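Listed here are the chains, written in short residue letters.
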Amino acid sequence: MRGIIGMENTVLRDLTWDAGAGRLRFKDVPYLLIRPETLVAFQKALEAELGERAGELLARGGHTGGALSTRRYREALGLGVEETARFIVRMGREIGWGDFRLERLDFGAREMVVSVGRSPFAEAYGPASRPVCHLIRGVVAGLAEGSFGAPAQAREVECLAMGAKTCRFHATVRSG
């Protein structure tokens, strides 16, 4: 399926739907469609109950998805480490998580920078005094961990919800 500017969306092209089971799959991995507002309402309810800890819990969930996808698609598609990182970043864009861009992948420094324009999470969240794209932050940490072969962490250093032009995530291998 082609998008507005003519780029092919390989996820939509290869997405399968099992009508009997009510399931969507991409490369035999289950996916679901959900509105960003639904996830943001969940996030805001968690924040009301748990404060800043809510963001860490959401990031943990994103980390699981990022790490599983990195392993799964590397194995299933026979990709190298850098190819896998580029595939996951492209996939983020194709599944509607925003305009994902891999800005930096430095194996020597074990650092990764991913920017996300038009983050649907930040847009649905609205103005905020701190970064709000915790699921994406977790996905980037999981991707970095899969890319560098060691536990990684990510920080959202710019956020659209805080007035930045884009959301930007820096991931590094955890020290110690």
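Data block above holds the structure.
What you see is a predicted model, and the numbers here were worked out from it, not measured in a lab. (Residues numbered from 1 in each chain as written. Predicted model: local features only at pLDDT ≥ 70, side-chain atom pairs only at ≥ 80, totals over all residues. Heavy atoms only, no water.)

**Some thoughts on the packing of aromatic side chains**
Phase 1 of the analysis: Here the structure, examined in full by the defined rule, presents five aromatic pairs.
Phase 2 of the analysis: Both rings, one in phenylalanine 26 and one in phenylalanine 87, keep their centres 6.5 Å apart while their planes meet at 15°; by these two values the pair is stacked. Here phenylalanine 87 lies in helix α4 (residues 81-94) and phenylalanine 26 lies in strand β2 (residues 23-26), a separation of 61 residues in the sequence. With respect to class, phenylalanine 26 is no different from phenylalanine 87; both count as buried.
Phase 3 of the analysis: Here the aromatic rings of tryptophan 97 and phenylalanine 121 are separated by 5.0 Å at their centres, their planes lie at 80°, and the arrangement is edge-to-face. Taken together, the positions of tryptophan 97 in the loop between α4 and β4 (99-106) and phenylalanine 121 in helix α5 (residues 120-125) put the pair 24 residues apart, joining distant regions of the chain.
Phase 4 of the analysis: By relative accessible area, phenylalanine 121 is classed as buried at 5%.
Phase 5 of the analysis: Sitting over the ring of tyrosine 125, lysine 44 keeps its end group 4.5 Å from the ring centre. (Phe/Tyr/Trp six-rings, centres within 6.5 Å; stacked < 30°, edge-to-face > 60°. Helix = DSSP H or I, 4+ residues; strand = E, 2+ residues; numbered from the N terminus. Buried < 20%, exposed > 50% of the residue type's maximum accessible area, 1.4 Å probe, protein only. Lys NZ or Arg CZ within 6 Å of the ring centre and 35° of its normal.)

**Quick notes on helix α6 (residues 134-148)**
Phase 1 of the analysis: Along its 15 residues, α6 runs 21 Å from first to last C-alpha, staying within 8% of the 21 Å computed at 1.5 Å per residue.
Phase 2 of the analysis: Counting buried residues along α6, 13 of its 15 residues qualify, which places the element largely inside the surrounding structure. (Expected span 1.5 Å × (residues − 1).)

**Describing the sheet that holds β4**
Phase 1 of the analysis: Pairing is antiparallel across the open sheet formed by four strands, whose spatial order is β4-β5-β7-β6. The outermost strands of the open sheet, each flanked by one partner alone, are β4 and β6 (152-158). In this sheet, adjacent strand axes meet at a mean angle of 20° when their direction is disregarded.
Phase 2 of the analysis: With six bridges connecting them, strand β5 (residues 111-117) and strand β7 (residues 167-173) associate as antiparallel partners. Each residue of the ladder has a partner; that of valine 116, found in β7, is cysteine 167.
Phase 3 of the analysis: Its contacts with the sheet put α4 on β4 and β5, and the angle it makes with β4 is roughly 160°.
Phase 4 of the analysis: Along the sheet, α6 contacts β4, β5, β6 and β7; its crossing angle with β6, the most-contacted strand, is approximately 135°. (Pairing = 2+ DSSP bridges. Axes fitted to C-alpha atoms, helices over the stretch in contact; angles between N-to-C directions. Contact = heavy atoms within 4.5 Å.)

Shape is all these values report; function is a separate question.
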